[in-house]
Amino acid sequence: MFAADRLPLAERYAELLATEGVVRGLIGPREAPRLWERHLLNCAVLAELVRGSASVADVGSGAGLPGIVLAIARPDLRVTLVEPLLRRTRFLDEVVEELGLEGQVEVVRGRAEELAGTRTFDVVTARAVAPLDRLARWCLPLVDPGGELVAMKGASARAEVEAAMPALTALGCADPVVVELGVGVLAESTWAVRLARPEAGPVGWRGRPGRGDGKARDRRRAQ
Ligand SMILES: C[S@@+](CC[C@H](N)C(=O)[O-])C[C@H]1O[C@@H](n2cnc3c(N)ncnc32)[C@H](O)[C@@H]1O
């Protein structure tokens, strides 16, 4: 998962999570002994879904998961960590500096919704940030046409997709694809939901009257 020359970076990151990350309350103390399995390796398996040399935004990166792990595993990626909480962005800035990732990783303090209209990326990732429908509303506007949102989910991924289908259809995204990751590698598989943004046109907001909703716009024009 990590090339030999990047393994020391992964080890140092694990150390930072287990020490400063725990002290500053970004990682629960009970997570410390299982950081590799539940966090680093769990995120590293995501790397196989990301196309070569992609720009990636990791929304709600927290202590850097999966964004820092992706950057370590895939030096070809340019990674933007999007996180609103100052305590967390301070830690992320320190990690980036300590690992020497300044040329590859940037930290942006803010919410995904605030970034909409200012930046887009080939791939947007998110792990443990919000239910799929809300995540799609926040993140699809950050995805380049032809790019995708990759949401890391647990074993309930398919159920979550079903629950979110009305919202996803209203947003006009292609059918979600659920991928099981880490089979034969992790003790427990993990799942990713891939949501492609259509090649052309803005992300639709149908079903969210007052927020660029197509029908509402048509009604306004007709008045
Ligand atoms: C439960 S933590 C998950 C952190 C990390 N992704 C992980 O897997 O460990 C959720 C993170 O999402 C961030 N967050 C919540 N709403 C957000 C939004 N609208 N835009 C960007 N980040 C958000 C929170 O500040 C928090 O750091």
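Residues numbered from 1 in each chain as written. Predicted model: local features only at pLDDT ≥ 70, side-chain atom pairs only at ≥ 80, totals over all residues. Heavy atoms only, no water.

## Describing the pattern of salt bridges
Piece 1. Using the criterion set out here, one finds eleven salt bridges in the structure.
Piece 2. Between Arg-24 and Glu-20 there is a salt bridge whose closest N-O contact spans 2.8 Å.
Piece 3. A relative accessible area of 24% means that Arg-24 is categorised as partly exposed.
Piece 4. Relative accessible area serves as the criterion here: at 31%, Glu-20 is assigned to the partly exposed category.
Piece 5. One salt-bridge network, in which partners are shared between bridges, spans Arg-12, Glu-15 and Glu-98. (Salt bridge = Lys/Arg side-chain N within 4 Å of Asp/Glu carboxyl O. Buried < 20%, exposed > 50% of the residue type's maximum accessible area, 1.4 Å probe, protein only.)

## Details of the packing of aromatic side chains
Piece 1. For the structure on display, the rule yields one aromatic pair.
Piece 2. Seen from their ring centres, Phe-2 and Trp-36 are 6.3 Å apart, and the 85 degrees between their planes marks the pair as edge-to-face. Here the residue Phe-2 occupies a position in the segment before helix 1 (7–23), and Trp-36 occupies one in helix 2 (residues 35–44), the gap between them amounting to 34 residues.
Piece 3. By relative accessible area, Trp-36 is classed as partly exposed at 31%.
Piece 4. A cation over an aromatic ring shows up here: Arg-111 above the ring of Trp-138, its NZ or CZ 5.9 Å from the ring centre. (Phe/Tyr/Trp six-rings, centres within 6.5 Å; stacked < 30°, edge-to-face > 60°. Helix = DSSP H or I, 4+ residues; strand = E, 2+ residues; numbered from the N terminus. Lys NZ or Arg CZ within 6 Å of the ring centre and 35° of its normal.)

## Some details on the site of the ligand
Piece 1. Taken together, 16 residues lie around the ligand, and Leu-65, Glu-83, Arg-88, Glu-113 and Arg-127 are the ones closest in.
Piece 2. For the ligand, an oxygen atom lies 2.5 Å from a polar atom in the side chain of Arg-88.
Piece 3. Ala-112 is positioned such that a nitrogen or oxygen atom in its backbone is 2.9 Å from a nitrogen atom of the ligand.
Piece 4. Protein contacts shield 80% of the accessible area of the ligand, which totals 590 Å² for the unbound molecule.
Piece 5. By residue class, the composition of the shell around the ligand is eight nonpolar, three polar and five charged. (Near = heavy atom within 4 Å. Polar contact = N/O pair within 3.5 Å; in protein donor to acceptor, adjacent residues only side chain to side chain. Areas by Shrake-Rupley, 256 points an atom, 1.4 Å probe, with all protein chains shown as cover. Nonpolar A, V, L, I, M, F, W, Y, C, P; charged D, E, K, R; others polar.)

## With respect to the pairing of strand 4 (residues 121–127)
Piece 1. In terms of burial, strand 4 is largely enclosed, as seven of its seven residues are buried.
Piece 2. Relative to strand 4, strand 1 (residues 55–59) runs parallel, the two being bridged by four bridges. Residue pairing in the sheet places Val-56 in a bridge with Val-123 of strand 4.
Piece 3. Note that strand 4 and strand 5 (residues 143–153) share six bridges and pair parallel. From the neighbouring strand, Arg-127 faces strand 5, where its bridge partner is Met-152.
Piece 4. Following the backbone out of strand 4, through helix 6 (residues 132–139) and into the adjacent parallel strand 5, one traces a crossover that is right-handed. (Pairing = 2+ DSSP bridges. Right-handed = clockwise from strand over helix to strand, strands pointing away.)

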